[in-house]
Amino acid sequence: MGVATGQVTGPVPATRWRTRDIVVTAIIGVAFGVVFWAWGLAWSGLDPLFSLAPWAKDLLYAVWLVPAVLAPLIVRKPGAAVFAEMVAAGVSTLIGSVWGPDTLLSGFVQGAAAELVFAFTLYRNWSFPILAAAAVASAAGAWIHDWAIYYTGVSLEVQLLRGLAMAISAVVITAGGSVLIVRALREAGVLEGFPAGR
Amino acid sequence: MIALVELADRQLSSPLGRASPLLKLGIALGWLLGLALTTDPVPPAFVTAVTLASGLVLGRIPAARLAAGLAPLWAAALGIGLFNALFSAANTDPSLAVVAQAGPFRLTEPAVVAGVGLAVRVIAIASVGVVFGLTTDSTRLVDSLVQQGHLPERFGYGALAAYQAIPRLADDLATLRQARRIRGLRGGWHPRLLVGLLILAIRHGDRLALAMDARAFGSGPRSRFRTVRWSWWDLVLAVGAALVLGVALSLG
């Protein structure tokens with residue numbers, strides 16, 4: 001896979017958030033909050049299917065992480081990963097997620113981990129390797145969070161298998177998926193006026 | 001289909017409905033982190049009981065509504081519990097009592113206890129979430145986050161404006177699915193639907209942002225129509241919540 005958007009190192013980005021950046025980031029979060037809500041129900045329903053190799057289910061884990069990469073890739077502002085994930089988490093809490101307030105905690109961890117990677121490039125590098133690194137960082141945050149909250153008793157081997165499955169999932173679904181979605185959105189013409197639209 | 005939760009005045013004017021949403025959020029997260037300290041099933045069971053009782057009494061949530069909100073959690077709790085029991089590190093320890101054995105697979109007693117503990121933890125977390133959702137109005141939540149939690153108001157109210165687009169997004173999704181069927185494509189769910197949904201969502205976000213800018217949103221200091229203030233009841237609730245967590249952990 002090539003570079004997501006042409007330039008590897010862009011110009012010094014404008015860091016002030018316009019109203020449009022705020023609302024579009026938030027609405028991406030909201031759209032994914034709705035997706036999360038449906039995905040959360042499907043996720044628990046998938047359990048019987050994966051009862052023999054439950055860690056294989058974590059190959060689908062990265063659906064939860066998409067806003068943490070997609071929203072920053074579109075608006076390219078500091079804080080976009082955390083803001084989009086928190087809005088998505090807040091929506092799925094308010095409309096009644098299975099995971100309740102923990103959605104907010106995991107949303108924060110997932111967003112903040114991706115944010116660190118983008119901050120490290122000073123929000124100037126949006127190439128595929130950086131997106132993949134942010135996605136894997138986000139998955140790592142989620143992995144540690146889940147270990148502490150939901151899988152305390154599980155043996156180390158299974159934890160490592162889960163981590164591996166989540167990392168693969170993050171690169172393919174979160175980073176790859178975000179690039180494909182941005183391409184489709186750009187072709188539809190809705191990204192005009194955003195850095196990702198050029 | 002997905003819709004914004006319509007809350008009745010009865011719940012919003014209840015003691016839990018009048019409490020500061022920021023405080024309720026703090027309690028929910030505090031309990032969650034507190035429960036993460038133990039895998040014993042008793043503390044989360046106690047927290048669940050207190051939560052459901054206060055939802056019914058302090059939140060005046062109708063029992064049927066509460067039960068409906070809790071319905072999806074059983075599968076999740078079962079899944080997490082089984083995963084922890086079956087793949088517990090304790091299962092490989094030969095000195096522990098075996099509950100069940102099938103070929104090379106052993107299920108030991110501590111593994112079962114931990115599995116049950118984590119399943120109950122999921123139930124506790126979900127109950128807190130359901131009671132929070134059924135007693136908290138989204139506008140008041142954002143008012144509280146901005147006024148009491150000092151969240152920057154452009155982000156708080158920007159997010160609220162986007163949140164209120166949910167019924168619209170649900171309609172858009174229904175239209176997109178019908179459009180696929182009219183074109184002779186199979187119904188059901190397809191990843192292309194997500195792209196269509198995002199296109200419509202971003203367009204709506206653009207119009208919303210334009211309308212907000214036209215009304216000088218975020219360009220200067222704001223006056224407030226609705227104010228959220230700390231009250232004595234918030235203090236009582238905070239102390240009560242801390243006591244509940246303390247008692248729960250001392251039971252474990």
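Residues numbered from 1 in each chain as written. Chains lettered and ligands numbered in written order. Predicted model: local features only at pLDDT ≥ 70, side-chain atom pairs only at ≥ 80, totals over all residues. Heavy atoms only, no water.

## Things to note about the overall build of chain A
Then step 1. Counting its secondary structure elements, chain A contains six helices and zero strands.
Then step 2. For chain A, the sequential pattern of α-helices and β-strands runs α-α-α-α-α-α.
Then step 3. Within the span of chain A, comprising 198 residues, buried residues form 63% of the whole.
Then step 4. Considering only intrachain contacts with a sequence separation of at least 6, the fraction spanning at least 24 residues in chain A is 75%.
Then step 5. Element-wise, carbon and sulfur atoms account for 73% of the exposed surface of chain A, whose accessible area totals about 7,100 Å². (Helix = DSSP H or I, 4+ residues; strand = E, 2+ residues; numbered from the N terminus. Buried < 20%, exposed > 50% of the residue type's maximum accessible area, 1.4 Å probe, protein only. Contact = heavy atoms within 4.5 Å. Areas by Shrake-Rupley, 256 points an atom, 1.4 Å probe, with all protein chains shown as cover.)

## Thoughts on the overall build of chain B
Then step 1. Along chain B, the regular secondary structure elements total 12 helices and two strands.
Then step 2. Going from N to C terminus, chain B has its helices and strands arranged as α-α-α-α-α-α-β-β-α-α-α-α-α-α.
Then step 3. Taking 18 Å as the expected radius of gyration for a compact globule of 252 residues, we find that chain B reaches 23 Å, considerably beyond that expectation.
Then step 4. On the principal axes, the C-alpha backbone points of chain B span a range of 70 × 60 × 35 Å.
Then step 5. A separation threshold of at least 6 residues defines the contact pool for chain B, and within that pool the share at least 24 residues apart is 73%.
Then step 6. Carbon and sulfur atoms make up 66% of the accessible area of chain B, which amounts to about 12,700 Å² in all.
Then step 7. The averaged location of the 13 negative side-chain charges in chain B is 7 Å from the averaged location of its 23 positive side-chain charges. (Rg over C-alpha atoms; globule rule 2.2 N^0.38 Å. Lys, Arg positive; Asp, Glu negative; His and termini not counted. Charge placed at Lys NZ, Arg CZ, Asp CG, Glu CD.)

## What about the pattern of salt bridges?
All names here are of chain B.
Then step 1. For the coordinates displayed, the defined rule picks out seven salt bridges over all chains.
Then step 2. The salt bridge involving Arg 226 is made with Asp 143; its shortest N-O contact spans 2.5 Å. Here Arg 226, found in the loop between helix H11 (191-214) and helix H12 (232-251), pairs with Asp 143, found in helix H8 (residues 138-147); they are 83 residues apart in sequence, far enough to count as distant. (Salt bridge = Lys/Arg side-chain N within 4 Å of Asp/Glu carboxyl O.)

## A word on the interface of chain B and chain A
Then step 1. Listed as interface residues are 57 residues of chain B and, on the opposing side, 54 residues of chain A.
Then step 2. The largest share of the area that chain B buries against chain A comes from Phe 83, Phe 87 and Ile 202 of chain B, three residues that together contribute 13% of it.
Then step 3. Here Asp 206 of chain B makes a salt bridge to Arg 20 of chain A, at a shortest N to O gap of 2.6 Å.
Then step 4. Here chain B is connected to chain A by seven residue pairs in polar contact (both at pLDDT 80 or more).
Then step 5. Looking at the side of chain B that touches chain A element by element, the count peaks at 15 residues for H11 of chain B. (Buried area = accessible area lost by both parts, 1.4 Å probe. Polar contact = N/O pair within 3.5 Å; in protein donor to acceptor, adjacent residues only side chain to side chain.)

## What to know about the domain arrangement of chain B
Residues and elements named next belong to chain B.
Then step 1. Partitioning chain B into structural domains gives domain 1 (9-148 + 228-251) and domain 2 (153-214).
Then step 2. The centre of domain 1, based on its C-alpha atoms, is set 32 Å off from the matching centre of domain 2.
Then step 3. At the interface, six residues of domain 1 touch six residues of domain 2.
Then step 4. Carbon and sulfur atoms make up 67% of the surface buried where domain 1 meets domain 2, a total of about 460 Å² over both sides.
Then step 5. In terms of surface lost to domain 2, no three residues of domain 1 exceed Ser 138, Val 142 and Val 146, which account for 72% of the buried area on that side.
Then step 6. Connecting domain 1 to domain 2 are zero salt bridges. (Domains from an automatic or database assignment.)

## A look at the packing of helix H3 (residues 21-35) of chain B against H12 of chain B
Residues and elements named next belong to chain B.
Then step 1. Running from N to C, H3 and H12 point in directions that differ by 10 degrees, and their axes come no closer than 11 Å. By the criterion of interaxial angle, the relationship of H3 to H12 is roughly parallel. Touching Leu 23, Ile 27, Gly 30, Trp 31, Gly 34 and Leu 35 of H3 are Asp 234, Leu 237, Ala 238, Ala 241, Val 244, Leu 245 and Leu 249, all from H12.
Then step 2. Its residues assigned to classes, the contact of H3 with H12 shows 10 nonpolar, two polar and one charged. (Axes fitted to C-alpha atoms, helices over the stretch in contact; angles between N-to-C directions. Parallel < 35°, antiparallel > 145°, perpendicular 65-115°, else oblique. Nonpolar A, V, L, I, M, F, W, Y, C, P; charged D, E, K, R; others polar.)

## So, the packing of aromatic side chains
Each aromatic ring pair is characterised by the separation of its centres together with the angle its planes make.
Then step 1. Summed over all chains, the structure comprises seven aromatic pairs over all chains.
Then step 2. Considering the side-chain rings of Trp 143 of chain A and Trp 147 of chain A, the 5.4 Å spacing of their centres and the 65 degrees angle between planes classify their relative orientation as edge-to-face. In this pair, Trp 143 of chain A and Trp 147 of chain A are both assigned in helix H5 (residues 128-149), four residues apart and thus about one turn of the helix distant.
Then step 3. Using a relative accessible area of 27% as the deciding quantity, one classes Trp 147 of chain A as partly exposed.
Then step 4. Pairing Phe 83 of chain B with Phe 87 of chain B gives two aromatic rings, centres 5.2 Å apart and planes at 45 degrees, and the pair type is tilted.
Then step 5. Taking the relative accessible area as the measure of exposure, Phe 83 of chain B reaches 7% and is therefore buried.
Then step 6. Given a relative accessible area of 14%, Phe 87 of chain B falls into the buried group.
Then step 7. Chaining the aromatic ring pairs together yields one cluster made of Trp 17 and Phe 83 of chain A together with Phe 155 of chain B. (Phe/Tyr/Trp six-rings, centres within 6.5 Å; stacked < 30°, edge-to-face > 60°.)

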